[in-house]
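The primary structure of each chain is shown beneath.
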Amino acid sequence: MNCRQIQQQLDDYLDGRLELMEEADLHLHLDTCEGCRQLLQREKALMAGLKQVQVPVMSPGFARRAVSHAASQAKQRPHRRGFVAGFSSALVAGFALMLVVAGILPGGNGIEPKIMPEVAISIAAPQTVNLAFDVGYAMHDATLSIDLPGNIEVVGFPGENRLSWQTSLTQGRNILPLPLRGTAAAAGEIIATLEQGGKKKILRIQVRVDNKIAPQAGVSRPDWV
Amino acid sequence: MKMSLFSRRSDNESSFEELVMPHVNNMYRLAYHYCGQQSDAEDLVQELLLKLIHRVDEMQKVERLRPWMAKALYHLFIDRLRQQQRRPLETMQPDQLEVLRESGDSGVSSEKLVLVSNIEQALRQLNHEQRLLVVMHDVENYTLSELTTILDAPIGTLKSRLHRARAKLREILSADETKSAAMACL
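Residues numbered from 1 in each chain as written. Chains lettered and ligands numbered in written order. Predicted model: local features only at pLDDT ≥ 70, side-chain atom pairs only at ≥ 80, totals over all residues. Heavy atoms only, no water.

Once that is clear, we can look at the overall build of chain A. Within chain A one finds 5 helices and 10 strands. Counting all 225 residues of chain A, 48% fall into the buried class. Across chain A, contacts joining residues at least 24 apart in sequence account for 68% of those joining residues at least 6 apart. Summing over all exposed atoms, chain A offers an accessible surface of approximately 10900 Å²; the carbon and sulfur share of this is 54%. (Helix = DSSP H or I, 4+ residues; strand = E, 2+ residues; numbered from the N terminus. Buried < 20%, exposed > 50% of the residue type's maximum accessible area, 1.4 Å probe, protein only. Contact = heavy atoms within 4.5 Å. Areas by Shrake-Rupley, 256 points an atom, 1.4 Å probe, with all protein chains shown as cover.)

Next up, the structure:
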């Protein structure tokens, strides 16, 4: 190995990328060449100097402030195209798809719900209706409300005709299993309302409670509010 | 995703904080190298976080977040540079030397101080691409493998670029040394 080859391999040597044999050859040359030894020392000093390059510290509390600010801005202003356009299109897409994916799923066993013209549940036993929300982007701190007719209740919430909670929807499909129990045979309407930042979208689901188990289910078209 | 009737407020905020907090300082350091000014660096990091808050789900799946965030920061900086037609990095006046002087009790010898000062000046004379590469690899310790992700370039290309950038840096430093020696003889 000559001095020129050493110069070419010096970077790899300093970065620890030389093979063992190459490194041994390099050391062999360094043992006999004062010029290359000095070159190596200068290079090592340069690398050490680069490690010493300093950066002024961040303003006190900047990291936490910046993270909090990002989180608060996300609440106020959803990503992409401004709130109205982004929200509207996401919800239109979401509810349009909801029409085809919302259905009845006896027992709530996680099987993809089928397309049904209407929802019918039995008074005899609770049944799970899966509501599917397909959204174009993640929605944080959305409020989801379910309004129930007098003859239907959500299992675990006896006598409550309105349930409302804050939730987040991830981009893509979000499934809400709604365990329903019919208390009287009659037709009714479940209203699912999704709200975010003063805008809301409503889905009306026609539900019929029968005295016996009925396999059919269905949903209606959404209305803008 | 399965939603729950019993879910309450999103835990996205806390997830986001857990994910990004360990890397904010790293991103700030990179941003400082890019921008050359503390306030600009903090602005850039803030802008990065505003972008990333909407990508928490994606971030949770990323195995190595530091290079992933560094890539996002790099692209943000390049976009900002193009859109705002900022002045070139070379004309900026970072206050790095002052910072080093303030840390006088750190055991840094005066010879090293001079060398680091010279290196910082030499770095500013590199072109934009060379400067970022040397800074990311040799100052901030990103591996070539990580840099392939950040800079979207093959490892062989980056090795060659890094070699040329270091050679240029040495050339600048040698020229400065020669100038200093000549001045000393006057």
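Let's shift gears to the packing of helix α2 (residues 20-32) of chain A against helix α3 (residues 34-52) of chain A. Residues and elements named next belong to chain A. Running from amino to carboxyl end, α2 crosses α3 at an angle of 115 degrees, the nearest separation of the two axes being 6 Å. Relative to α3, the element α2 is oriented roughly perpendicular. Here His 29, Leu 30, Asp 31 and Thr 32 of α2 come into contact with α3, specifically with Glu 34, Cys 36, Arg 37 and Leu 40. (Axes fitted to C-alpha atoms, helices over the stretch in contact; angles between N-to-C directions. Parallel < 35°, antiparallel > 145°, perpendicular 65-115°, else oblique.)

Residue and element names in this part refer to chain B. Taking 1.5 Å of rise per residue, the 12 residues of helix α7 (residues 128-139) would be expected to cover 16 Å, and the 15 Å separating its terminal C-alpha atoms lies within 8% of that figure. In terms of burial, α7 is a largely internal element, 10 of the 12 residues being buried. Of all the residues in α7, the buried ones are Gln 130, Arg 131, Leu 132, Leu 133, Val 134, Val 135, Met 136, His 137, Asp 138 and Val 139. Of the residues one or two after α7, Asn 141 is the one with positive phi, at around 65 degrees. (Expected span 1.5 Å × (residues − 1).)

Residue and element names in this part refer to chain A. For chain A, the mean per-residue pLDDT works out to 71, and 69% of the residues sit at or above 70. Here residues 78-117 scores under 50 on pLDDT; set against residues more than four positions off or in separate chains, the count is 96 contacts. Confidence drops under pLDDT 50 across residues 214-225; counting only partners more than four residues distant or on other chains, this segment forms 51 contacts. (pLDDT = per-residue confidence, 0-100.)

Our next topic: the packing of aromatic side chains. Residues and elements named next belong to chain B. Evaluated as defined, the whole model comprises 3 aromatic pairs over all chains. A ring pair is formed by Tyr 28 and Tyr 32, whose centres lie 6.4 Å apart and whose planes are at 45 degrees; its orientation type is tilted. One end of the pair is Tyr 28 and the other is Tyr 32, both in helix α1 (residues 12-35) and 4 residues apart, which spans about a single turn. Under the relative-accessibility criterion, Tyr 32 is labelled buried at 0%. Measuring from ring centre to ring centre gives 6.2 Å for Tyr 34 and Tyr 74, while their planes differ by 70 degrees; the resulting arrangement is edge-to-face. Highlighted residues: Tyr 34 in helix α1 and Tyr 74 in helix α4 (residues 65-84), separated in sequence by 40 residues. Pair check on accessibility: Tyr 34 and Tyr 74 agree, each one buried. Following the ring pairs from residue to residue traces out a cluster consisting of Tyr 34, Tyr 74 and Phe 77. The side chain of Arg 66 reaches across the aromatic face of Tyr 142, ending 3.8 Å from its centre. (Phe/Tyr/Trp six-rings, centres within 6.5 Å; stacked < 30°, edge-to-face > 60°. Lys NZ or Arg CZ within 6 Å of the ring centre and 35° of its normal.)

For the rest of this paragraph, the subject is the pattern of salt bridges. The tally for this structure, following the rule as stated, stands at 21 salt bridges over all chains. Across the salt bridge formed by Lys 159 of chain B and Asp 12 of chain A, the nearest N and O atoms sit 3.7 Å from each other. Within this pair, whereas Lys 159 of chain B is found in helix α9 (residues 155-185), its partner Asp 12 of chain A is found in helix α1 (residues 3-14), the two belonging to separate chains. The class of Asp 12 of chain A is buried, set by a relative accessible area of 18%. The partner of Glu 17 of chain B in a salt bridge is Arg 64 of chain A, with the nearest N and O atoms 2.4 Å apart. Of the two residues, Glu 17 of chain B is situated in helix α1 and Arg 64 of chain A in helix α4 (residues 62-76); the pairing between them involves two chains. (Salt bridge = Lys/Arg side-chain N within 4 Å of Asp/Glu carboxyl O.)

Let's shift gears to the environment of Leu 19 of chain B. All names here are of chain B. Position of Leu 19 relative to the elements: it lies in helix α1. When the C-alpha atoms of Leu 19 and Gln 60 are compared, they prove to be 7.6 Å apart, with 41 residues separating the residues in sequence. If sequence neighbours within four positions are ignored, Leu 19 has contacts with Val 56, Met 59, Gln 60 and Leu 65.

Turning our attention to the confidence of the model for chain B. All names here are of chain B. With 69% of its residues at a pLDDT of at least 70, chain B reaches an overall mean of 78. Low pLDDT, under 50, characterises residues 86-108; the predicted model gives this stretch 46 contacts beyond four residues in sequence or across chains. This complex was scored by the predictor with a pTM of 0.54 and an ipTM of 0.73.

Attention now goes to the environment of Asn 211 of chain A. All names here are of chain A. With respect to the secondary-structure elements, Asn 211 resides in the loop between β9 (199-210) and β10 (223-224). The spatial distance from the C-alpha of Asn 211 to the C-alpha of Ala 184 is 8.1 Å, given a sequence separation of 27 residues. Ignoring sequence-local partners within four residues, the contact set of Asn 211 consists of Ser 122, Ile 123 and Ala 185.

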